[in-house]
Structure formats: structure tokens, C-alpha cells
Amino acid sequence: MPVISFASPKGGVGKSTSALILASGLAHAGASVTVIDGDPNRTLFNWSRNADATVFQCSELPSDNEILDAIEETATRSQFVIVDLEGTANLAMSRAISRTDLVVIPLQASPVDARQASRAIKLVVDEGRALRRTIPYRMLFTRVNPAIATRDEREIRAQFRNAQIAAFGVALNDRAAFRAMFTHYRSLWDLSDEATGVDKARQNAAAFVAEVTQEIRNQQKAQEKAS
Ligand SMILES: Nc1ncnc2c1ncn2[C@@H]1O[C@H](COP(=O)(O)OP(=O)(O)O)[C@@H](O)[C@H]1O
Ligand SMILES: [Mg+2]
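Let me sum up the structure you'll find in this document. Residues take numbers from 1 onward in each chain, read along the sequence in its written order. Lettering for chains starts from A, numbering for ligands starts from 1, and both go in the order in which the items are written. In keeping with the model being predicted, local features are shown solely for residues with a pLDDT of at least 70 and side-chain atom pairs are shown and tallied solely at 80 or more, while totals for entire chains, interfaces and linings include all residues. The side-chain quantities take in all heavy atoms of the structure and omit both hydrogens and water.

## Thoughts on the environment of Asn145
Numbering goes from the N terminus for both helices and strands, where a helix is a DSSP run of H or I of at least four residues and a strand is a run of E of at least two. With respect to the secondary-structure elements, Asn145 resides in the loop between strand 6 (137-142) and helix 6 (151-162). Overall, Asn145 belongs to the partly exposed group, its relative accessible area being 38%. Sequence separation between Asn145 and Pro9 is 136 residues; the distance between their C-alpha atoms is 23 Å. Among the polar contacts listed, one links the side chain of Asn145 to the backbone nitrogen of Ala147, at a separation of 2.7 Å. Each residue's exposure class comes from its accessible area (1.4 Å probe, protein chains only) as a fraction of the maximum for that residue type: buried when under 20%, exposed when over 50%, partly exposed otherwise. Polar contact is the term for a pair of N or O atoms within 3.5 Å; when the atoms are in protein, one must be able to donate a hydrogen and the other to accept it, and sequence-neighboring residues count only if both atoms are side-chain atoms.

## Examining the site of ligand 1
Whether a residue is near a molecule or strand depends on its heavy atoms: if one lies within 4 Å, it is near. Taken together, 13 residues lie around ligand 1, and Gly12, Lys15, Ser16, Thr17 and Asn173 are the ones closest in. The separation between an oxygen atom of ligand 1 and a polar main-chain atom of Ser16 is 2.9 Å. Where accessible areas are quoted, they stem from the Shrake-Rupley method and a 1.4 Å probe; at the residue level, only the protein chains shown are allowed to cover. Compared with its free state, where it exposes 560 Å², ligand 1 has 79% of that area covered by protein. Lining residues are those with an atom within 4 Å of a point, where the points come from a 1 Å grid over the protein atoms alone and group into cavities, where a 1.4 Å probe fits but cannot get out, or pockets, open sets with protein on both sides within 12 Å along at least five of seven lines. To decide whether a molecule occupies a pocket or cavity, check its atoms: if more than half lie within 2 Å of the grid points, it is inside. Given that more than half its atoms are within 2 Å of the pocket grid, ligand 1 belongs to the largest pocket. Ranked by residue count, the leading element in the shell around ligand 1 is helix 1 (residues 15-28), at 3 residues. Of the residues that constitute the shell around ligand 1, the class distribution is 2 nonpolar, 6 polar and 5 charged. When residues are sorted by character, Ala, Val, Leu, Ile, Met, Phe, Trp, Tyr, Cys and Pro go into the nonpolar class, Asp, Glu, Lys and Arg into the charged class, and all the rest, Gly among them, into the polar class.

## Things to note about unusual backbone geometry
The backbone phi angle of Arg132 is positive, close to 55°, even though this residue is not glycine. By the secondary structure assignment, Arg132 is in the loop between helix 5 (111-131) and strand 6. Its identity is not glycine, yet Arg143 carries a phi of approximately 55°, on the positive side. With respect to the helices and strands, Arg143 occurs in the loop between strand 6 and helix 6. By relative accessible area, Arg143 is classed as partly exposed at 45%.

## Topic: the pairing of strand 4 (residues 80-85)
Of all 6 residues in strand 4, 6 are buried; the element is thus mostly enclosed. Residues of strand 4 alternate between two faces, with Phe80, Ile82 and Asp84 on one and Val81, Val83 and Leu85 on the opposite face, all of them buried. The pairing of strand 2 (residues 33-38) with strand 4 spans 6 bridges and is classified as parallel. Bridge pairing in strand 4 places Ile36 opposite Val83. Note on pairing: DSSP must find at least two bridges between two strands before they are called paired.

## A short note on the sheet that holds strand 2
Reading across the sheet, the 6 strands line up as 3-2-4-1-5-6 and stay open at both edges, with parallel pairing between neighbours. A strand with exactly one partner marks an edge of an open sheet, and here the two such strands are strand 3 (57-59) and strand 6. Pairs of neighbouring strands in the sheet enclose a mean axial angle of 25°, with direction left out of account. Looking at chain direction, strand 5 (residues 102-108) and strand 6 are connected through 6 bridges and run parallel. When the sheet's bridge partners are listed, Val104 is paired in strand 6 with Arg138. Together, strand 1 (3-6), strand 4 and strand 5 form the strand contacts of helix 4 (residues 91-98), whose direction differs from that of strand 4 by roughly 160°. Any two residues having at least one pair of non-hydrogen atoms within 4.5 Å are treated as being in contact. A fitted line through C-alpha atoms serves as each axis, taken over the contacting stretch for helices, and the angle formed by two N-to-C directions is quoted from 0 to 180°. Here helix 5 sits on the sheet and contacts strand 5 and strand 6; the angle it forms with strand 5, its principal contact strand, is near 165°.

## Let's talk about the nonpolar core
Buried Ala, Val, Leu, Ile, Met, Phe, Trp, Tyr and Cys residues form a nonpolar core when they are joined through side-chain atoms within 4.5 Å. Counting residues in hydrophobic clusters, the biggest one holds 42 residues, and the most contacted among them are Ile4, Leu22, Val33, Phe56, Ile82, Leu188 and Phe208. Only strand 1, helix 1, strand 2, helix 2 (43-50), strand 4, strand 5, helix 7 (176-184) and helix 8 (198-226) provide two or more residues apiece to this core. Excluding residues that lie within four positions of it along the chain, Ile4 makes contacts with Leu22, Phe80, Val81, Ile82, Val83, Thr100, Leu102, Val104, Val212 and Ile216.

## Description of the layout of surface pockets
Grid points are joined across faces, edges and corners, and a volume is the space filled by probe spheres set on the points. The space that makes up the largest pocket amounts to roughly 280 Å³. For the largest pocket, the lining is made up of 19 residues, of which Val13, Gly14, Lys15, Thr17 and Arg143 are closest to its centre. Mapped by element, the contributors of at least two residues to the lining of the largest pocket are helix 1 and helix 7. The leading source of residues in the lining of the largest pocket is helix 1, at 5 residues. Here the lining of the largest pocket is built from residues that sort into 4 nonpolar, 9 polar and 6 charged.

Written out as C-alpha cells, the structure is:
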């Protein structure tokens, strides 16, 4: 079943938050989801261990030698496998990307993040070259202002379009509710009045989940056509 990895050589861009939004959003929609926490900080493993409700299964940091086995074994029993990676380019990232159906590369809409994101793209493209296959990836803008698209965001989106770099149309907004998931160890759908804007955050999350699932469906159709 599809493997979706969150990767970027930069920390703090929103990988774990976005991975949690996707994993809990898919689970909320009724899918079976397993998260592989590939970051030694164990952000999502700790989240799932502390959460009251089991939203998804989460396996703890596999070693570089175990990560392929972990992904392949998990993919046989879960409808979606989500891999959250460390914010450095390393062997685990390379191995995980090699078994990924869609790499999500989060970035904040700043020129510095955009440059770092280009490094992430190169890692994905080079991994694909080594394997002689194309590894699909999409950029994901995170922590954007829900009210307006900033000039930086518009400019970076235009640069991506010119360079034919695919980006999700949906951006994840900067919302207190997304941070509250970690403070309270609850998914967005289990939060109530712990944060403001929970409804808007849920709508934003659902739109992201819908775009990811559509992308996976498009890929599956293209594969059926090719075979
Ligand atoms: N969409 C968002 N809205 C609000 N805060 C966010 C959002 N995405 C990330 N953050 C915050 O930014 C910081 C870094 O996010 P995190 O997901 O841990 O990044 P990474 O996994 O890439 O290191 C955290 O404090 C997190 O709460
Ligand atoms: Mg993280």
C-alpha cells in the first residue's frame, strides 16, 4: 500500500506536524495507517505513545539496516504507511525514499527554506536516478498565513512552476490548533476547546488529505495504464 515520506534536509520546516496531520486525517477518514518514525527525536512515536486514543500504529526508529524491512513489512498490512524522517540527509532518508510512492517536501515560504528544499529535491531525484525510476515528490508550503498569500510565497510558487517543480495546491496554515496537537497529544479531531480555530484547521487538514489521496489515485491509474 502507498508509502508517503516526509523529507527535508532542514529541521523545523513542519515535517512531523504535516505527517501527523496526514496520518490522523487519513485515520479519521477510516483508513488503516502506520507511521514509521525515522527521526531520532521520536516526535511522532512519543506523540502516539502519549495519546489517549490509538489514532494509528507507530513504530519506533528503525536502524538504517531495518528501515527497508520496516517499510515493506508495514506496507503489507496498512492502507497507508507514513514515514517521518530526520532533518538531515542520511542513509535512512535515502533508503526510505527508495521505497516511497510520494515524497512530501515541506517548506516555509521563505527564500532560505526554498533553497534548502532544492537540496531535498536533488536527493529525491538522485535516488531515482540510482534506481532508474522516477520517485514522485511534491512540495508542501507549511505555516502559511491563512489570510493572505505573502509575496515570498507567490514568488517561490512561480519559481517552482517555471522549474516544473510540483507543489501541492493546498498549503498548511500557521494555526495554534496544529501546535496544540502536540501540547495535548490529541489529533485535530480529538481536540475541542484546547485551541482556537480547530474547525478551520480541520478543514485545512481535510483539503490536504484529499489532495494527497487524489495524487496517489492518479499515480495508481498511471501505473495501471502502463502495465
Ligand atoms: N502548520 C503549522 N502551524 C503552526 N505551527 C506549526 C505548523 N507546522 C509546524 N509548526 C511548528 O513549527 C515547529 C517545527 O515543526 P515540526 O513539524 O516539528 O518540524 P520538523 O519535523 O520539520 O522539524 C514546531 O514548533 C511546530 O509546532
Ligand atoms: Mg520532525
